[in-house]
Amino acid sequence: MPVVMSMMHYVYAGCCNCLSRFKPRYKRLVDNIYPANPDDGLVRSNMEKLTYYAVSHNEKLNRIGKYLAQRLNRDIYRQQTNYVKISMVAVDELLLACHSQGLNLFVKSLLSMIDKLLEVNNAEYQLLATNSFVKFANIEEDAPSYDRNYDFLISQFSSMCYSDHDDLDIKKKIRVAGLKGLRGIVKKTVSDDLQYNIWEKQNMDKIIPSFLFNMQEGFGSQESPRHDQGEERPEVLAETCLRNLMGCAAYNNIHAVLKPVLKHLDLHTLWVPNDFAVKVFKVVMYSMQSQYLYVVPHFLLLHLDEDNQLTTNIKQSIVQILKETVAIAADGAVGSSVLEIFNSLLRHLRMSVDMRLSGGKGNTSQTKAVSNYNEKGEIEFEEAIIDTMGAFASILPDYQKIEIMMFIMGKVPLPNSLGSALPLSGGEGDVLLLNMLLKSLLEVGRTYSTVSMVTTFPASFLQPLLSVSIVADPGVRLIVQEILHTLMDRHENIEKFKCNRNIPRDISELNLNVEKPSRQDILFMRRSGHEIMWHLYKSIQFADNKKSNYIALYTTLGLLSVELGTEDTLVDLFKLTIALQDFACSSDNKLPAKHRCAVHALVARYLNLLGQLTSEPALCQHISSVIESRQESYPQLLPPINLDNNQTSRNSLPAKIPTEMLFQKETLCEALSNSGHDTSRFLTPFRQELNVQERPGKTADIGSVHLEVESTHPSPLTTRKVPAEEITFASFKSIYSVTVVDNHSMAVSDDDRIKRQKLRQKFQNSTLEQLATEADQRNKKLQSTMQSILDSVVKSPVSPAGSPLRPDPTSPFQFQSVPTYEMAFPELTVY
């Protein structure tokens, strides 16, 4: 009987619902907003009644939404487009009017209606759903919704961004609608971490390619960048959406955007040409928060490291994009990973060099064989890396630039010995790598502003750099001199010295900027001046020097004169110049005649500069007279330097140059002495070799150690120097050899040999527990012995103050206290 009554109840309820007067009030209000004729549109008066009812009865809002969703589904099925529009208008107005706690339940009905419209393959329905969702996205909710899901909406809006409708206007509208929908989802979710996580990989893999696809479609278009006939363009809207998304990205979310960007560029081969890729990364960089700008270069380098299938052209494009992104970053924005970035660039530089040496076969552990090897592309790739390093360094403070230069110098393969022409252990490979690394160092150095030579040239940087300046490759030596020029020049004098014309009578024509060196510069020259001059002396002696090498060496000497030209330095430079002249005149050297002429011409030009810098009349007169004599008889000994074999007249040289054609050391020394210079060092011969402590990577030899033994004279105020015994490596070696022979000659006793053998067998055969037990027993025995000694000391009688303590015959130790005034102190300790 109860079952029958229940069935009658449901039948009665269903029949009553068919009649409007038996429906609930909220359903009747909803039905009243629909006109009899769909073309008449929404019944505005009834809509106001429905809105008032929904505001007054918040608990009915959920049911109203569900009923509107039912009506929408029915109208879609019946293809009643006008009724569908009325339903969406009603939902939008209710959404804007009602701000209550039950709004989340109403939003579920709204999202279900939007999903239903997007499912239909109808452009009008898709635009209608998008407009409704955008209105919803602009509403700020009081509380987050934890169970809301946008997966379906992201998929639908992303697919709309790729619309290929035949009608261009409709296609543009659908794409714009899809972009607006994605922007609405981002706006709705990105600001609250408790809501739907928009940064998940499956979401970004749909959103980011949608933006990039539309940006690419309109890239290079000549149309108006903002509007086209009053409508938004998809490429402009996509760029705006990407900017908004990057502006909201925190540090831990940046990778979620950058990885899809890199993947999209890979899949669609958009790296070459890289115009579009550059634009994308510029949009990303300009939209990010400034403190996170260093992340983008880091990801580009990671992508360069991870993908081994990239061709040389693609790698070159990525490095060029890296350079563009670095130029956007603010000062110091690359963060604490500067050396890591440079290390990665240097690693790729080394791999490229290895690839060139192997001809694309990849015979090293870091490089693999490639089928489409392109040597020209590899060279361009290396140049792009060097340019990128310079761009990186340009945004860094000077103290970091010094660290980077020292870091690069640490990667440089140094010569394996000291000689007239230093060879490299790796041969051609090291020479090529050395060229690339020094070019990188030069590019970084050009962005550095030198203030103090002590700071710019620490010993750990200067010594390796100087050692590379005398390797056997003229191109490497030239780059080293250019590095010295860049770092030494503080007054823009480089171009004024880089000339190969006749000697000027007055150096005022050069407009040199000369400034008195500071105290720190003086200390620097005292510490490293001779080392620099010695390497310059060796560099000029190479027979494979070219004209550019001689000009570069003269420029270095000129910068030393005007930047660090103290009185002592000028005297040393005169001494170096005379040493170079003596070398060019020596019959022992193997320089060709044309190179000897080049050395003489360099000496003449440089002495003319030094003489006019000192402003000593006698000095200048002697130099001028020698130059005039050469102009009459031996013009090949004067600038301009010409190493062309065709001009034999310029390269011929007599077996012995007349004395009047040479600069006289005695005359120069006398003139310097008359002008107040200390010429004691000028008279000493130029050292042909460096001391051990001046050599890079070497420690001081024992021969350089000199000991002074203090005298034990009774008077503490007078001391007597004892001649120090010469301690050399040979003497130590002889003493050591004698000691070793004596030790080996001494016969080891049989007892000692037996004890050692037993001890060795004991440790080989005993277990750890046995050794620990035996050690514990020895420890206890030692403790008992120490305790007995302590007891005997404590029990010994104490004598009265000032009287000596009598020895106790029973005690193992006897103590005797001596008064302070009776103690005998050494003479040197008494004041």
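Residues numbered from 1 in each chain as written. Predicted model: local features only at pLDDT ≥ 70, side-chain atom pairs only at ≥ 80, totals over all residues. Heavy atoms only, no water.

Looking at an unreviewed UniProt entry, one finds the protein chain named Protein EFR3-like B and attributed to Holothuria leucospilota. The annotation that UniProt attaches to the protein chain under Sequence similarities (unreviewed entry) is "Belongs to the EFR3 family." (UniProt positions renumbered as here; feature names shortened; annotations may be inferred.)

Asks: What is the right way to read the overall build of the protein chain from this model?
Replies: For the protein chain, the count of helices and strands is 34 helices and 2 strands. Taking all 831 residues of the protein chain together, 45% fall into the buried category. Taking the intrachain contacts of the protein chain between residues at least 6 apart in sequence as the baseline, contacts between residues at least 24 apart amount to 73%. (Helix = DSSP H or I, 4+ residues; strand = E, 2+ residues; numbered from the N terminus. Buried < 20%, exposed > 50% of the residue type's maximum accessible area, 1.4 Å probe, protein only. Contact = heavy atoms within 4.5 Å.)

Asks: Teacher, can you tell me more about the packing of helix α21 (residues 459–468) against helix α22 (residues 474–488) here?
Replies: Each pair of packed helices can be summarised by the angle the axes make with each other and by the distance between the axes. α22 packs onto α21 with a crossing angle of 145° between their chain directions and a minimal axis gap of 9 Å. Residues F461, L465, L466 and V468 of α21 form the contact with α22, whose own contacting residues are V476, V480, I483, L484 and L487. Looking at the contact of α21 with α22, its residues break down into 9 nonpolar, no polar and no charged. (Axes fitted to C-alpha atoms, helices over the stretch in contact; angles between N-to-C directions. Nonpolar A, V, L, I, M, F, W, Y, C, P; charged D, E, K, R; others polar.)

Asks: Quick question: what am I supposed to make of helix α25 (residues 547–563) here?
Replies: Helical periodicity: at 3.6 residues per turn, an α-helix aligns residues three or four positions apart in one direction. An ideal rise of 1.5 Å per residue puts 24 Å on 17 residues; α25 measures up with 24 Å between its terminal C-alpha atoms. Within α25, 15 of the 17 residues are buried, which leaves the element mostly enclosed by the surrounding structure. (Expected span 1.5 Å × (residues − 1).)

Asks: How should the pattern of salt bridges be read in this particular structure?
Replies: Once the charged atoms of two side chains with opposite charge are near each other, the side chains can pair. As enumerated under the stated definition, the model contains 25 salt bridges in all. Salt-bridge contacts for E235 lead to R233; the nearest nitrogen and oxygen are separated by 2.2 Å. One network of salt bridges, with partners in common, ties together K23, D31 and R71. (Salt bridge = Lys/Arg side-chain N within 4 Å of Asp/Glu carboxyl O.)

Asks: I'm lost on a negative patch on the surface in this one. Help?
Replies: On the surface, a cluster of negative charge is made up of D164, D166, D167 and D169. Positionally, D166 belongs in the loop between α8 (151–161) and α9 (168–189). When its relative accessible area of 77% is taken as the criterion, D166 is described as exposed. (Patch = residues over 30% accessible without salt bridge, like charges linked within 9 Å, V, L, I, M, F, W, Y side chains within 5 Å. Areas by Shrake-Rupley, 256 points an atom, 1.4 Å probe, with all protein chains shown as cover. Lys, Arg positive; Asp, Glu negative; His and termini not counted. Charge placed at Lys NZ, Arg CZ, Asp CG, Glu CD.)

Asks: Would you mind showing me how to read the packing of aromatic side chains here?
Replies: To describe a pair of aromatic rings, one takes the distance between the centres and the angle between the planes. Applying the stated criterion across every chain, the model contains 15 aromatic pairs. Between Y162 and F213 the ring centres are 4.8 Å apart and the planes differ by 40°, which places this aromatic pair in the tilted class. Taken together, the positions of Y162 in the loop between α8 and α9 and F213 in helix α10 (residues 201–217) put the pair 51 residues apart, joining distant regions of the chain. Connected via pairs of aromatic rings, a cluster forms that spans F133, F136, Y150 and F157. Lying across the ring of F136, K188 places its NZ or CZ 4.5 Å from the centre. A cation over an aromatic ring shows up here: R605 above the ring of Y554, its NZ or CZ 5.6 Å from the ring centre. (Phe/Tyr/Trp six-rings, centres within 6.5 Å; stacked < 30°, edge-to-face > 60°. Lys NZ or Arg CZ within 6 Å of the ring centre and 35° of its normal.)

Asks: Even after reading the chapter, I still don't get the nonpolar core, so can you show me in this structure?
Replies: Taken as a class, soluble globular proteins show a tendency for nonpolar side chains to be buried jointly. Counting 210 residues, the largest nonpolar core has F211 and F663 as the members making the most contacts within it. Every residue in contact with F663, bar those within four places of it in the chain, is listed here: I578, Q581, V603, A604, L607, H622, I623, V626, I627, R630 and L668. Within the second largest apolar cluster, 6 residues are counted, among which are C597, L637, I657 and M661. (Core = buried A, V, L, I, M, F, W, Y, C linked by side-chain atoms within 4.5 Å.)

Asks: I would appreciate a short explanation of the environment of E495 in the present structure.
Replies: Locating E495 in the fold gives a position in helix α23 (residues 494–497). Accessibility expressed as a relative area gives 62% for E495, which makes it exposed.

Asks: What exactly am I supposed to notice about helix α24 (residues 519–540) here?
Replies: In a regular helix each residue adds 1.5 Å, so 22 residues correspond to 32 Å; α24 covers 30 Å between its end C-alpha atoms and thus fits that length. At S528, α24 is deflected by roughly 60°, the largest bend along its length. (Bend = angle between axes of the 7 residues up to and from the residue.)

Asks: I'm lost on the side chain of H491 in this one. Help?
Replies: Mapped onto the elements of the fold, H491 is located in the loop between α22 and α23. Within the local environment of H491, its side chain forms a polar contact with the side chain of E515, the two groups lying 2.5 Å apart. If sequence neighbours within four positions are ignored, H491 has contacts with N513, E515 and E563. (Polar contact = N/O pair within 3.5 Å; in protein donor to acceptor, adjacent residues only side chain to side chain.)

Asks: Mind showing me how you'd approach the side chain of H677 here?
Replies: Along the chain, the position of H677 falls in the loop between α30 (665–674) and α31 (680–683). Of note is the side chain of H677, whose polar atom sits 2.7 Å from the side chain of S675. Setting aside its immediate chain neighbours within four residues, H677 contacts E567, V571 and L672.

Asks: Just to check I follow, could you spell out the environment of P260 for this structure?
Replies: Mapped onto the elements of the fold, P260 is located in helix α12 (residues 254–267). For P260, a relative accessible area of 5% translates into the label buried. Residues P260 and P209, 51 residues apart in the sequence, show an inter-C-alpha distance of 7.0 Å. Those residues in contact with P260 that sit more than four places away from it in its chain are M204, D205, I208 and H255.

Asks: Looking at this structure, I do not really get the packing of helix α19 (residues 428–445) against α22. What am I missing?
Replies: It is at 10 Å that the axes of α19 and α22 come closest, and there the two elements cross at 15°. Between α19 and α22, the crossing angle belongs to the class labelled roughly parallel. In this structure, the crossing between α19 and α22 has a hand that is left-handed. Of the residues in α22, those touching α19 at V431, L434, N435, L438, K439, L441, L442 and G445 are G475, V476, I479, V480, E482, I483, T486 and L487. Split by residue class, the contact of α19 with α22 holds 10 nonpolar, 4 polar and 2 charged. (Parallel < 35°, antiparallel > 145°, perpendicular 65-115°, else oblique. Left-handed = near helix turned anticlockwise from the far one by under 90°.)

Asks: In this structure, what is going on with the state of the cysteines? I would like to understand it.
Replies: Linking two cysteines covalently through their sulfur atoms gives a disulfide. Counted according to the given criterion, the structure contains 0 disulfides. We note that C161 lacks a disulfide partner, and the nearest cysteine sulfur, in C241, lies 8.1 Å from it. Its relative accessible area of 0% is what places C161 among the buried residues. (Disulfide = S-S within 2.5 Å.)

Asks: So what exactly am I meant to see when it comes to the confidence of the model for the protein chain here?
Replies: Reading predicted coordinates in detail is not appropriate for stretches of low pLDDT. Of all residues in the protein chain, 78% attain a pLDDT of 70 or more, and the chain-wide mean is 80. Averaged pLDDT values for the elements of the protein chain fall to 46 in helix α1 (residues 2–17) and rise to 95 in α22. Predicted confidence is poor over residues 1–16, with pLDDT under 50, and the contacts of this stretch with residues over four places away or in other chains come to 2 contacts. Segment residues 738–748: pLDDT under 50, and 2 contacts once partners within four positions in sequence are set aside and those in other chains are kept. (pLDDT = per-residue confidence, 0-100.)

Asks: Any chance you could explain the environment of R148 here in plain terms?
Replies: Mapped onto the elements, R148 comes out in the loop between α7 (123–137) and α8. The buried category is assigned to R148, whose relative accessible area is 9%. For the pair R148 and Q195, spaced 47 residues apart in the sequence, the C-alpha separation amounts to 7.5 Å. When neighbours within four sequence positions are excluded, R148 is seen to be in contact with N104, V107, L111, F136, E141, K188, Q195 and Y196. A distance of 3.5 Å separates the side chain of R148 from the side chain of Y150, its partner in a polar contact.

Asks: How do you make sense of unusual backbone geometry when you look at a structure like this?
Replies: Most peptide bonds are trans, and most residues other than glycine sit at a negative phi. Residue V272 is joined to P273 through a cis peptide bond whose omega torsion reads -10°. Tracing the sequence through the fold places P273 in the loop between α12 and α13 (275–287). The omega torsion of the bond from P639 to P640 falls at 5°, within 30 degrees of zero and hence cis. Mapped onto the fold, P640 is located in the loop between α28 (617–633) and α29 (648–651). Although it is not a glycine, T269 adopts a positive phi angle of roughly 50°. Inspection of the secondary structure assignment puts T269 in the loop between α12 and α13. Despite not being glycine, E492 shows a phi value in the positive range, around 55°. Position of E492 among the secondary structure elements: in the loop between α22 and α23.

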